[in-house]
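Structural overview
Here is what each chain is made of, one letter per residue.
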Amino acid sequence: MSIIQVDDLRYRYPGQGEDTLHGISFAIEAGEIFGFLGPSGSGKSTTQKLLIGLINDYRGRLTIMEREGHTWDHQLYQHIGVGFELPNHFSKLTGLENLQLFAAFYGGGRKGDAPAVLLERVGLGSAAGQRVAEYSKGMKMRLNFARALLNDPPLLFLDEPTAGLDPVNARLIKDIVVELRGQGKTVFLTTHNMYDADELCDRVAFIVAGELVLIDQPAALKRRHGEASVKVNYRDGEEAIQTRRFDLQGLGRDQAFLELIAAQDLESVHSQEATLEQVFIKTTGMELL
């Protein structure tokens, strides 16, 4: 079942002479992590604003949880969670007080974890009583992420969720995102971090100048745009490291390859698939900045 369905979506900002979105179409299935990747000014943020109801005077069709986008009112926010790239918190309140305040917006019937539990979950338990003005950027990002989970939403919109985080806390957030998918939740992820997109996303979409260039699984894209070969680095006795390449097709029957790995001390063996960043540059002619 598609939790998001977009067909020929077009949008033009007031006063602008041309559309920002030029008829994009895609569907996101329930329980999927969907990466939406594009450079600044590509229409990425506009698409997300339409999906979360911040703007709604679009053309085309946009359905969220089987309901046309412009028919949703504030009830939409009972069903979604949003983590913005630039978090906005109440700096004079503590981390716990911030979450308690936002939790009150969902009423007594919400099913999400208690604010204190969420703070522990994102590694901020010891800072629960600390004023947010004293938080580092990384701590604010984790608080922002916890806030998106307050109502236990089936659909999450995460914008650069690991930006400003050290490797340990970035790993923590990514593990939670994977855990959420395991619970059947859907994640719409926008990021410039191609490693995060490759690791987390079931599918990715590339958007450039308001048009979708392609949509596919990261692994399929890397295979399609990479080389069908392996690179073997080995040490020939005491000499410097040597490199040889072999065709991937029929590798197990390639006598030269079999003799090499039997006779030499191998340093590494790598398939020559493209990185997701290389695929993006190759298909769009642009870099993600």
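Bear in mind that the values here come from a model prediction, so they are computed numbers and not experimental data.

Looking only at helices and strands, the protein chain has nine helices and 13 strands in total. Along the three orthogonal principal directions, the C-alpha set of the protein chain runs to about 70 × 50 × 35 Å. For the protein chain, buried positions account for 45% of its 289 residues. Taking all contacts inside the protein chain whose residues are at least 6 apart in sequence as the whole, residues at least 24 apart take part in 66%. Of the accessible surface of the protein chain, which amounts to about 14,300 Å², a share of 48% is contributed by carbon and sulfur atoms.

Attention now moves to unusual backbone geometry. You will see that Asp8, though not glycine, has its phi angle at about 50°, which is positive. On the secondary structure map, Asp8 appears in strand S1 (residues 2-11). Within the chain, Met65 stands out as a residue other than glycine whose phi angle is a positive 50°. Residue position: Met65 is located in the loop between strand S4 (59-64) and strand S5 (67-68).

A separate point is the packing of aromatic side chains. One pass over the structure, following the stated rule, counts 10 aromatic pairs. Relative to Phe34, the ring of Phe26 has its centre 5.5 Å away and its plane inclined at 15°; by these criteria the two rings are stacked. When sorted by exposure, Phe26 lands in the same class as Phe34, which is buried. When the centroid spacing of 6.1 Å and the interplanar angle of 40° are considered together, the rings of Phe90 and Phe102 count as tilted. Remark: Phe102 occurs in helix H2 (residues 95-103) and Phe90 occurs in the loop between strand S6 (80-83) and H2; sequence separation between them is 12 residues. Classification of Phe90 by relative accessible area gives partly exposed; the value is 43%. Through successive ring pairs, a cluster of aromatic residues spans Phe26, Phe34, Phe36, Phe157 and Phe188. The positively charged end of Arg67 is found above the aromatic ring belonging to Trp72, 4.4 Å away from the centroid. Here the guanidinium or amino end of Arg147 rests over the ring plane of Phe102, the centre of that ring lying 4.5 Å away.

We now examine the sheet that holds S1. Strand order across the open sheet formed by four strands is S2-S1-S4-S5, with antiparallel pairing between neighbours. A single partner strand is all that each edge strand has here, and the edge strands are strand S2 (21-29) and S5. In this sheet, S4 lies alongside S1 in antiparallel orientation, the contact comprising five bridges. Note on S4: the bridge partner recorded for Arg10 is Arg59. Its contacts with the sheet place helix H1 (residues 44-51) against S1, S2 and S4, and it is angled at close to 60° to S2.

Turning our eyes to something else, we now look at the environment of Leu118. Position of Leu118 relative to the elements: it lies in helix H3 (residues 115-121). Take Leu118: its relative accessible area is 1%, and that puts it in the buried class. Here the alpha-carbon distance between Leu118 and Leu96, two residues 22 residues apart in the chain, equals 9.4 Å. In contact with Leu118, not counting residues within four places along its chain, are Leu99, Asp113, Ala146, Leu149 and Leu150.

The next thing to look at is H2. Along H2, the residues classified as buried are Gly95, Asn98, Leu99, Phe102 and Ala103. One side of H2 carries all its buried residues, which in axial view fall inside an arc of 130°. If you follow the buried residues of H2, they end up packed against H3 and helix H4 (137-148).

Here we come to the sheet that holds strand S12 (residues 241-247). Read from one edge to the other, the open sheet built from three strands follows the order S12-S11-S13, with strand pairing classed as antiparallel. Both edges of this open sheet fall to S12 and strand S13 (265-271), since each of them pairs with a single strand only. Pairs of neighbouring strands in the sheet enclose a mean axial angle of 20°, with direction left out of account. Note: strand S11 (residues 229-235) against S13, six bridges, orientation antiparallel. Residue pairing across strands places Tyr234 opposite Leu266, the latter belonging to S13. Contacts from helix H8 (residues 255-263) reach S11, S12 and S13, with the element oriented near 150° to S12.

The rules we used
- Residues numbered from 1 in each chain as written.
- Predicted model: local features only at pLDDT ≥ 70, side-chain atom pairs only at ≥ 80, totals over all residues.
- Heavy atoms only, no water.
- Helix = DSSP H or I, 4+ residues; strand = E, 2+ residues; numbered from the N terminus.
- Buried < 20%, exposed > 50% of the residue type's maximum accessible area, 1.4 Å probe, protein only.
- Contact = heavy atoms within 4.5 Å.
- Areas by Shrake-Rupley, 256 points an atom, 1.4 Å probe, with all protein chains shown as cover.
- Phe/Tyr/Trp six-rings, centres within 6.5 Å; stacked < 30°, edge-to-face > 60°.
- Lys NZ or Arg CZ within 6 Å of the ring centre and 35° of its normal.
- Pairing = 2+ DSSP bridges.
- Axes fitted to C-alpha atoms, helices over the stretch in contact; angles between N-to-C directions.
- Arc of directions from axis to C-beta.

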